[in-house]
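# Observations on chain architecture
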Amino acid sequence: MSAGRPDRAALLARLQRIAALAYPRRCPLCGEVLGPDAAAGLLCPGCAPAAKALEHTPPRLPATEHSFYAVDGAASAYYYQGEIRHAILRCKMHGSPWAARELADLTAIQVFGAQPAPGPGGIPVYAGAGGLLPGDCIVPVPPRLGAPPGPRLPDRVARRLGQILGLPVYGDLRPTRRMLPQKSLPLAQRLQNQKDGYALRPGSEAAGRRVILVDDVITSGATVSACALALFRGGAADVFAISIAADEELAKR
């Protein structure tokens, strides 16, 4: 690097500090501006206990609760209930890119064992220890054909996780036909609705790699399984699905 030329990492850190001043970090559950007392630098003191109660511990999802048929495993940071459910729905219906970023950071901490940032405005640090081992790349679950254009929650979470874990993100998974919204269907029809509904773009760099498949919520497992099947057919070495939350009955503590 030539003398006087700023280091890219230092420049990025400086820009992030400036952005934090102009756009202060907010609690993804209630929208309150975060102060120095924020839990993990991400949750206001009022919301931290509710988030703690909804943590999916351990994060790995039991096959008995879902209908997985292609993924090598799956994990979620939270149960899809209460404040977590409301935060996810706000992101899906209204965009809220800042809240999507905070939810992605919480997922990195809960699922991958990343260390929280020292305060609001930082980024969690993944040191390669604790939690689940990451794969070689990240692929977000794609939107249905006919879905409104624009960035979606799985895309935003995938990009942020790629930044935290230091992994490339490939948006090469595509739907091959129109599918009904999953929420309107019973389990058997969910599986049929999604199966063989996706394909990996020929020549994708995800081929031959261990893929982390990212969705916002795992319910029946039909969507991530259908996407995993397409990834395997496209040459992926293995596929592990993760999500912010899982739609399961809250475990007794």
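Coordinates for the structure precede this section.
Described in the following lines is the structure provided in the data block. What you see is a predicted model; the values in this text were computed from it and never measured.

Another aspect to go through is the environment of Cys-47. Mapped onto the secondary structure, Cys-47 falls in the loop between α1 (8-22) and α2 (48-53). With 36 residues separating them in the primary sequence, Cys-47 and Glu-83 have C-alpha atoms 8.2 Å apart. Leaving out residues up to four positions away in the same chain, Cys-47 has contacts with Cys-27, Leu-29 and Cys-30.

What follows is about the pattern of salt bridges. For side chains of opposite charge, pairing can occur when their charged atoms come near one another. Tallying each qualifying case throughout the model produces nine salt bridges. Among the salt bridges present, the one from Lys-92 reaches Asp-216, with a minimum N-O distance of 3.6 Å. Of this pair, Lys-92 sits in helix α3 (residues 82-94) while Asp-216 is found in strand β5 (residues 210-218), placing the two residues 124 residues apart along the sequence. Its salt-bridge partner being Arg-152, residue Asp-155 comes within 4.0 Å of it at the nearest N-O pair. Here Asp-155 falls in the buried class, since its relative accessible area comes to 18%. Among the charged side chains, a salt-bridge network with shared partners connects Arg-25, Arg-101, Glu-102, Asp-105 and Arg-160.

It is worth spelling out the pairing of β5 at this point. Here β5 lies mainly inside the structure; eight of its nine residues are buried. Across four bridges, strand β2 (residues 137-140) lies against β5 in parallel orientation. Bridging across to β5, Cys-137 finds its partner in Val-211. As paired strands, β5 and strand β6 (residues 238-246) are joined by eight bridges and run parallel to one another.

Rules and cut-offs
- Residues numbered from 1 in each chain as written.
- Predicted model: local features only at pLDDT ≥ 70, side-chain atom pairs only at ≥ 80, totals over all residues.
- Heavy atoms only, no water.
- Helix = DSSP H or I, 4+ residues; strand = E, 2+ residues; numbered from the N terminus.
- Contact = heavy atoms within 4.5 Å.
- Salt bridge = Lys/Arg side-chain N within 4 Å of Asp/Glu carboxyl O.
- Buried < 20%, exposed > 50% of the residue type's maximum accessible area, 1.4 Å probe, protein only.
- Pairing = 2+ DSSP bridges.

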